[in-house]
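Below are the chains, spelled out letter by letter.
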Amino acid sequence: MTFDFDRVELAEVSRHFGRRRALARVSLTARAGDIVGVIGPNGAGKSTLIGILATLVSPSSGEARYGGQSGRDLGGALRRRIGLVAHELLLYPELYGLDARRVVDAAIDRAGLRERADDPVAGFSRGMRQRLALERALLHGPRLALFDEPFTGLDDQAVGLVTARLRLLAASGTIVVMATHDLEVADGLVTRVALFRGGKLLLDEPAGAGLRSRYRELIRQG
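We now turn to the structure provided with this report.

Reading the values: the criteria
- Residues numbered from 1 in each chain as written.
- Predicted model: local features only at pLDDT ≥ 70, side-chain atom pairs only at ≥ 80, totals over all residues.
- Heavy atoms only, no water.
- Helix = DSSP H or I, 4+ residues; strand = E, 2+ residues; numbered from the N terminus.
- Buried < 20%, exposed > 50% of the residue type's maximum accessible area, 1.4 Å probe, protein only.
- Polar contact = N/O pair within 3.5 Å; in protein donor to acceptor, adjacent residues only side chain to side chain.
- Pairing = 2+ DSSP bridges.

With respect to the element layout, D155 can be found in the loop between β7 (144–148) and α5 (156–171). Overall, D155 belongs to the partly exposed group, its relative accessible area being 48%. Distance from D155 to M128, taken between C-alpha atoms, is 9.8 Å for residues 27 residues apart in sequence. Of the polar contacts made by the side chain of D155, one reaches the backbone nitrogen of A158; its length is 2.8 Å.

Counting buried residues along strand β8 (residues 175–179), five of its five residues qualify, which places the element largely inside the surrounding structure. Side chains I175, V177 and A179 project from β8 onto one buried face, and the interleaved V176 and M178 project onto a second face that is buried too. Here strand β3 (residues 35–39) pairs with β8 via four bridges, running parallel. In the strand pairing of β8, I35 is matched with V176. Here β7 pairs with β8 via five bridges, running parallel. Looking across to β8, one finds that L144 is bridged to I175.

Following this line, the structure appears as structure tokens:
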């Protein structure tokens, strides 16, 4: 039976790199249908958080749980349920046995790259590579979709394509977690906001209007 889950939890997770504290006792839950916006200044711990959820980074203490089970015990069964678009784009990782030929045409169309389908990726712009990486990460139908700065290098049309795709993912029951600096795009897209500063979770609440002004206010308070 394929492993599946409807929530992911961080329980008192800390991560240190030598003496540097990247995350400090973070507890956070994301559920199927959520679009969680992870926001904060540079060095806040956003990418470390994404790495831990993706099982690429191990917590120094605490644990990540998927459907109530520790990620340490799940191995490849868990990784088959995770899709990741990292800030450094990776376009050719394993597809976990997926026959990509069945779905690649639809993915290219969703990325808005039909006219470039036969062109080498090396000639693509950053925005085109970003859209392609997003669709590659979703080919196997992950339950948990993780994005680190998904709007980097995108023009307005591409931003519209990506935001629509993220809404469809959430509507289908995917857990979407994205780290982003683009508060204008996040405002109206995310359903929950997790605000970090210095590795600490300052805020975890349902998203509301005025994300940019709320963010600035809390950073000043922090």
